[in-house]
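Working through the structure, step by step
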Amino acid sequence: MSLHDDAVLVLKSYEGQEELRQAYLDHLQAHPDGIWKACGAGHITASALVIDPEQRRVLLTLHKKLRMWLQMGGHCEPQDATVEAAALREAGEESGITGLTLLPGGPVRLDRHPIPPPCHCHFDVQYAVLAPVAAVQEISDESLDLRWFAYDEVANVADDSVVRLLEATRARL
């Protein structure tokens, strides 16, 4: 199965955010390359919120280009067998943490946001991953900083999309 087909299956089984979910499916139907960064009309991305429920905190990255505190995430790569695998890979690469595990139940939410040209839009499929006990993070080349934030601190440092992702993740825990 191709990554494109996997994305379609994930989105068809995703419950919630019906209008946005349909926009993702319409995009993939109109753009056979809609999973890849090269698709100028926008493309699917995969992200994951790294969470430590024991200590009631999340790990955010200070994104190098955007200079915003965000969850880990990025573009799908040819070696990714699934969108879920892309999210887990991105979380590991950007956090430096080994042993991350996906929160069961598939994507936590969807978030579509504009980005600067040459692309126009990211159709982000958002997951949550659980950090192992005593996880040690390491800043990647894509980040200016990594920092753990208590749940109640996130709204003070991150935008609304990260706050909504945290809320949806906590509801699933």
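Computed from a prediction, not measured in an experiment: that's the story for all the values here.

**Thoughts on helix α3 (residues 83-95)**
- When the terminal C-alpha atoms of α3 are compared, their 18 Å separation across 13 residues agrees well with the 18 Å that a helix rising 1.5 Å per residue should span.
- Turning to α3, its buried residues number three or more, namely Val83, Ala86, Ala87, Arg89, Glu90, Ala91, Glu94 and Ser95.
- Residues of α3 that are buried in the fold lie against α1 (3-13), β1 (43-52), β2 (57-63), β4 (72-75), β7 (121-130) and β8 (143-150).
- Remark: Gly96 follows α3 within two positions and exhibits a positive phi of approximately 75°.

**So, the environment of Ser95**
- Tracing the backbone through its elements, the reader meets Ser95 in helix α3.
- As for Ser95 and Ile139, which are separated by 44 residues in sequence, their C-alpha atoms are 6.3 Å apart.
- Among residues more than four places away in sequence, those in contact with Ser95 are Leu59, Met72, Leu100, Gln137, Glu138 and Leu146.
- Separated by 2.6 Å, the side chain of Ser95 and the backbone oxygen of Ala91 make a polar contact.
- From its side chain, Ser95 meets the backbone nitrogen of Ile97 in a polar contact 3.1 Å long.

**Topic: the layout of surface pockets**
- Here the largest pocket is characterised by a volume of approximately 930 Å³.
- Along the walls of the largest pocket sit 34 residues, with His63, Leu66, His75, Ile115 and His122 positioned nearest its centre.
- For the lining of the largest pocket, the secondary structure elements donating two or more residues are β1, β2, β4, α3, β6 (109-114) and β7.
- Tallied by class, residues from the lining of the largest pocket come to 11 nonpolar, 13 polar and 10 charged.

**What about the confidence of the model for the protein?**
- Confidence in the prediction for the protein averages 95 pLDDT; 100% of positions are at 70 or higher.
- When the elements of the protein are averaged for pLDDT, β6 gives the smallest value, 94, and helix α4 (residues 154-157) the largest, 98.

**Overview of the side chain of Asp80**
- Inspection of the secondary structure assignment puts Asp80 in the loop between β4 and α3.
- The class of Asp80 is buried, set by a relative accessible area of 7%.
- Only 2.7 Å separates the side chain of Asp80 from the backbone nitrogen of Glu77, close enough to count as a polar contact.
- Among the polar contacts listed, one links the side chain of Asp80 to the side chain of Arg89, at a separation of 2.8 Å.
- Apart from the residues within four sequence positions on either side, Asp80 is in contact with Leu3, His75, Ala85, Ala86 and Arg89.

Rules and cut-offs
- Residues numbered from 1 in each chain as written.
- Predicted model: local features only at pLDDT ≥ 70, side-chain atom pairs only at ≥ 80, totals over all residues.
- Heavy atoms only, no water.
- Helix = DSSP H or I, 4+ residues; strand = E, 2+ residues; numbered from the N terminus.
- Expected span 1.5 Å × (residues − 1).
- Buried < 20%, exposed > 50% of the residue type's maximum accessible area, 1.4 Å probe, protein only.
- Contact = heavy atoms within 4.5 Å.
- Polar contact = N/O pair within 3.5 Å; in protein donor to acceptor, adjacent residues only side chain to side chain.
- 1 Å grid on protein atoms, 1.4 Å probe; cavity = no way out; pocket = protein on both sides within 12 Å on 5 of 7 lines; lining within 4 Å.
- Points joined across faces, edges and corners; volume = space filled by probe spheres on them.
- Nonpolar A, V, L, I, M, F, W, Y, C, P; charged D, E, K, R; others polar.
- pLDDT = per-residue confidence, 0-100.

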